[in-house]
Amino acid sequence: MLDFKALVLFLLVFAHAQDGLGSPAQAPLEVSTISPKPRRKLQGRFLHITDIHPDPYYRVGSSEKKACHRGTPKEGKRAAGYYGLPFSDCDAPFSLTNYTLDFLDKEWADEIDFVIWTGDSARHDNDRRRPRTTAEIYELNRAMAKKMEHVFTRRGIPVVPSIGNNDVWPHNIMLPGPNSITAEFTSIWRAFVPFPSYQVFQRGGYFSVEVIPNSLAVVSLNTMYFYDSNTAVGGCARSDPQDPGNLELDWLEVQLQMFRERGMQVWLSGHIPPSSRNFYSECYVRYLELSLRFQDTILGHVYGHMNMDHFFLLDAEQLGNGSRSGDTSSLASDEPSILKHKKKELYKLLLQEFSDLPHAQNMNHDNYGVVNVAPSVVPTYLPSFRIFAYNTTGQVYRAGELGSEEQPGPLRSLKTLVGPLCAEAEYENSWRCHLEQPWHSSPESPSRMNRLWTPLGYAQYNLRNMDAADATHPPKFKLEYMTFPVTALHPPQASPEAEEAADATSSAARKFWYPVPRRHLPRVLRNGTATKSKKFAPYELEDLTIPSWAGLARRLGRAKAKKLRQRFRRFMYMGADEAT
């Protein structure tokens, strides 16, 4: 039920931003303040949601060329729809934001354990007649936070947000903290940032949460201090230890070491994906080095910002190479349009990187990490969210206690990998040549084999038929695809002998944990008789470990894998080629 005081506050805040131009003709974000409930039984799933971009000025029927704020589209051009304009530069109407979170409230909130929310919860600055203000940015974030509290926190579900490049003004620019931004978000995210983390958060806008106490943590990184479009910082230069990017990575190192010593596992999250295409070179080197040094502690990396669904590998070989591999910085542009860039660039770059991977028998998985970039809620393509499933059974992995902690041979570190490069003047004083700590990896860690806390797969849902939708005929979120094999969705088929023991069989079925609840599967996959589905399960990954992702990358790297590549491309752009 809508909280009246919160609604009045929201309308009052936007009143001063209208400058007499009239209130937006759309319902405000529906928010409520409810006390959190205690923790529940683990469900073995979590939600990743990103880039919501609610827009208070969105007008149904307006023109895309006017940011869906005003005007009438020319004949033959699409008008702004009730739930948004898919495959466009327009931001999200409140109807889409409310519909998405209300859907999650009703259909998914009782099925998940925590939420990773990776930023950009304010509109783009894409309308010169309605420039953004800091007050608007903060109030949009505050309203979004209240909605997240209402849907998740009240159930005892931890929410882990991060700052996006459009959550600050001017966009892309964030000065070293403490500053007004970190102070404001300390207030806005009071329900999400643990009290012991307040001091660190006020300094830099980053924190960690033990989403499963003493077992599993999520780190929220402030990628603004690594982003190469943020000209207010020094780019993690080794000569400046007080650079905010260096301070953040120093903090991350301490966090990872602490979690490792406690036998915990960690997800790293943030807004801007960690690649040489997005990060300052020295920030990227330090991030990649920490990712590999603590490979046995890091379950994975989840990010947003790009709007395109894809994954890529963090590769140790990049640290030994002085070149800036595949510079496609235009793909990381903060302009809302992705469609007007060369869509094929990132797709082709990823295929090239995948094709360069070693053959399976020559691949050393110690050298890799995996970054998952989720598509957005804002309809640059189609509004989407992702539900990850993970293993909640088995024995805890503790570094050095189970099997061999390190691979045979001498201790590996970044400096030993770089080798002769450090003789060159350009790199002599770079981070590459001064990080000598040994790397920790193990084929028995949860990032390398299926055991307790290992990510098993994800199911991705998006909103279809938006053009025909209106207030009385809403669109529907439907499964786009999943990484699981179809056979993992239901209990194993009983043998003829076992079928005679009907009671035992039904008992086993009752105990079976469904990675995707049956009601969230398309009908064709609900009864357990299907064993394959090229439409919904093209990847058939046994789990989301590094070896599984590397195997998929190698498959995509083969020129003969045309059908698999076509599906990968379609998932990246959600059929944008057909829409434009």
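Data block above holds the structure.
Residues numbered from 1 in each chain as written. Predicted model: local features only at pLDDT ≥ 70, side-chain atom pairs only at ≥ 80, totals over all residues. Heavy atoms only, no water.

K.L.:
For this particular structure, what's the right way to read the overall build of the protein chain?
P.N.:
From N to C terminus, the protein chain includes 15 helices and 12 strands. Residues classed as buried in the protein chain amount to 60% of the 580 residues present. For the protein chain, the share of sequence-separated contacts (at least 6 apart) that also reach a separation of at least 24 residues comes to 78%. As presented, the protein chain carries roughly 23,800 Å² of accessible surface, and 53% of it is formed by carbon and sulfur atoms. (Helix = DSSP H or I, 4+ residues; strand = E, 2+ residues; numbered from the N terminus. Buried < 20%, exposed > 50% of the residue type's maximum accessible area, 1.4 Å probe, protein only. Contact = heavy atoms within 4.5 Å. Areas by Shrake-Rupley, 256 points an atom, 1.4 Å probe, with all protein chains shown as cover.)

K.L.:
What exactly am I supposed to notice about the layout of surface pockets here?
P.N.:
If a probe as big as a water molecule is rolled over the atoms, it shows which places are left empty. If you add up the space inside the second largest pocket, you get close to 450 Å³. Looking at the second largest pocket, it is lined by 16 residues, and the ones nearest its centre are Phe477, Lys478, Arg519, Leu521 and Arg526. Every element with two or more residues in the lining of the second largest pocket is listed here: helix 2 (94–107), strand 11 (455–464) and strand 12 (476–482). Considered class by class, the residues forming the lining of the second largest pocket number eight nonpolar, one polar and seven charged. (1 Å grid on protein atoms, 1.4 Å probe; cavity = no way out; pocket = protein on both sides within 12 Å on 5 of 7 lines; lining within 4 Å. Points joined across faces, edges and corners; volume = space filled by probe spheres on them. Nonpolar A, V, L, I, M, F, W, Y, C, P; charged D, E, K, R; others polar.)

K.L.:
Honestly, the packing of aromatic side chains in this entry has me stumped. Any pointers?
P.N.:
Each aromatic ring pair is summarised here by two numbers: the centre-to-centre distance and the angle between the ring planes. According to the stated counting rule, one finds 38 aromatic pairs in the structure shown. The interplanar angle of 35 degrees and the centroid separation of 6.4 Å between the aromatic rings of Tyr347 and Phe568 together place this pair among those described as tilted. Within this pair, whereas Tyr347 is found in helix 8 (residues 344–355), its partner Phe568 is found in helix 14 (residues 562–573), the two being separated by 221 residues in sequence. We classify Phe568 as buried; its relative accessible area is 3%. Look at Tyr481 and Phe571: their rings are 3.9 Å apart centre to centre, the planes differ by 10 degrees, and that puts the pair in the stacked class. Residue Tyr481 is located in strand 12, and its partner Phe571 is located in helix 14; the two are separated by 90 residues in the primary sequence. (Phe/Tyr/Trp six-rings, centres within 6.5 Å; stacked < 30°, edge-to-face > 60°.)

K.L.:
Even after reading the chapter, I still don't get the side chain of Asp543, so can you show me in this structure?
P.N.:
Looking at the element boundaries, Asp543 is found in the loop between helix 12 (502–511) and helix 13 (546–557). Among buried Asp, Glu, Lys and Arg side chains, Asp543 stands out as unpaired, with Arg448 the closest opposite charge at 10 Å. Side-chain polar atoms of Asp543 contact the side chain of Ser548, separated by 2.6 Å. Aside from chain neighbours lying at most four places away, what touches Asp543 is Asn450, Thr454, Pro455, Leu456 and Ser548. (Lys, Arg positive; Asp, Glu negative; His and termini not counted. Salt bridge = Lys/Arg side-chain N within 4 Å of Asp/Glu carboxyl O. Polar contact = N/O pair within 3.5 Å; in protein donor to acceptor, adjacent residues only side chain to side chain.)

K.L.:
In this structure, what is going on with the sheet that holds strand 5 (residues 216–220)? I would like to understand it.
P.N.:
Pairing within the open sheet is mixed, and its six strands lie in the order 4-5-6-7-9-8. Here the strands that pair on one side only, and so sit at the sheet edges, are strand 4 (207–212) and strand 8 (310–315). When strand polarity is set aside, the average angle formed by the axes of neighbouring strands in this sheet is 25 degrees. By the bridge criterion, six bridges tie strand 8 to strand 9 (residues 368–373) in an arrangement that is antiparallel. Bridging across to strand 9, Phe311 finds its partner in Asn372. Lying over the sheet, helix 6 (residues 244–261) contacts strand 4, strand 5, strand 6 (265–269) and strand 7 (298–303), oriented at roughly 25 degrees with respect to strand 4. (Pairing = 2+ DSSP bridges. Axes fitted to C-alpha atoms, helices over the stretch in contact; angles between N-to-C directions.)

K.L.:
For this particular structure, what's the right way to read the side chain of His520?
P.N.:
Residue position: His520 is located in the loop between helix 12 and helix 13. Here Glu107 takes part through its backbone oxygen, which lies 2.9 Å from a polar atom of the side chain of His520. In this structure, His520 is in contact with Glu107, Trp108 and Tyr461, ignoring residues within four places of it in sequence.

K.L.:
What's the story with helix 4 (residues 180–188) in this structure? I'm lost.
P.N.:
Side chains that are three or four residues apart share a direction in an α-helix, a result of its 3.6 residues per turn. Residues Ile181, Thr182, Phe185, Thr186 and Ile188 constitute the buried set of helix 4. Each buried residue of helix 4 sits inside an arc of 165 degrees when the element is viewed along its axis, so together they form one side. Of the surrounding secondary structure, the elements contacted by the buried residues of helix 4 are helix 3 (134–151) and helix 5 (198–204). Where helix 4 begins, the side chain of Asn179 points an oxygen toward the backbone nitrogen of Ile181, at a separation of 3.0 Å. (Arc of directions from axis to C-beta.)

K.L.:
Is there a simple way to think about the pattern of salt bridges in this case?
P.N.:
Scanning the model with the defined rule gives 21 salt bridges in all. A salt bridge links Arg519 to Glu107; its shortest N-O distance comes to 2.7 Å. Pair noted here: Arg519 is in the loop between helix 12 and helix 13 and Glu107 is in helix 2, with a separation of 412 residues, a long-range link. A relative accessible area of 46% means that Arg519 is categorised as partly exposed.

K.L.:
I would appreciate a short explanation of the nonpolar core in the present structure.
P.N.:
Of all hydrophobic cores here, the largest spans 158 residues; its most connected members are Ile49, Trp117, Phe152, Trp189 and Met482. Discounting chain neighbours no more than four positions away, the residues touching Trp189 are Trp117, Ala145, Pro161, Ser162, Ile163 and Phe201. The next biggest cluster of nonpolar side chains, apart from the first, holds five residues, and it includes Tyr58, Cys68, Ala80 and Leu85. (Core = buried A, V, L, I, M, F, W, Y, C linked by side-chain atoms within 4.5 Å.)

K.L.:
Just checking my understanding: could you explain the state of the cysteines for this structure?
P.N.:
Cysteine pairs can be linked by a disulfide, which is a covalent bond between their two sulfur atoms. Summed over all chains, the structure comprises three disulfides. Between the sulfur atoms of Cys68 and its disulfide mate Cys90 the distance is 2.0 Å. Around the S-S axis, the bridge from Cys68 to Cys90 shows a dihedral of about 80 degrees and counts as right-handed. Taken together, the residues Cys68 in the loop between strand 1 (45–49) and helix 2 and Cys90 in the loop between strand 1 and helix 2 connect sequence positions 22 residues apart. Cys68 sits in the buried class, given a relative accessible area of 0%. (Disulfide = S-S within 2.5 Å.)

K.L.:
Would you take a moment to explain the sheet that holds strand 2 (residues 114–117) for this structure?
P.N.:
Pairing between sheet strands relies on hydrogen bonds along the backbone, with the strands arranged either parallel or antiparallel. Across the sheet, which stays open at both edges, the six strands sit in the order 3-2-1-10-11-12 with mixed pairing between neighbours. On the outer flanks of this sheet lie strand 3 (159–161) and strand 12, each paired with one strand and no other. Within the sheet, the average angular offset between the axes of one strand and its neighbour, ignoring direction, is 25 degrees. For strand 10 (residues 384–390) and strand 11, the ladder comprises seven bridges, and the chain directions are antiparallel. Residue pairing in the sheet places Ala389 in a bridge with Gly457 of strand 11.

K.L.:
Honestly, the pairing of strand 5 in this entry has me stumped. Any pointers?
P.N.:
Side chains on a regular strand alternate between the two faces of the sheet. Of all five residues in strand 5, five are buried; the element is thus mostly enclosed. Of the two faces of strand 5, the one lined by Leu216, Val218 and Ser220 and the one lined by Ala217 and Val219 are each fully buried. Of the pairings in the sheet, the one linking strand 4 to strand 5 comprises four bridges and is antiparallel in character. Following the sheet pairing, Ile212 is matched in strand 5 by Leu216. The antiparallel hairpin formed by strand 4 and strand 5 contains three residues in its connecting segment, where Asn214 sits at a positive phi of about 65 degrees. Once the chain exits strand 5 it traverses helix 6 before rejoining the sheet at strand 6, and the crossover so formed is right-handed. (Right-handed = clockwise from strand over helix to strand, strands pointing away.)

K.L.:
Even after reading the chapter, I still don't get unusual backbone geometry, so can you show me in this structure?
P.N.:
Cis geometry marks the peptide bond from Trp169 to Pro170, where omega comes out at -10 degrees. Relative to the helices and strands, Pro170 resides in the loop between strand 3 and helix 4. With omega at 0 degrees, the peptide bond leading from Gly177 into Pro178 counts as cis. Tracing the backbone through its elements, the reader meets Pro178 in the loop between strand 3 and helix 4. In this structure, Cys236 is a non-glycine residue whose phi angle is positive, near 60 degrees.

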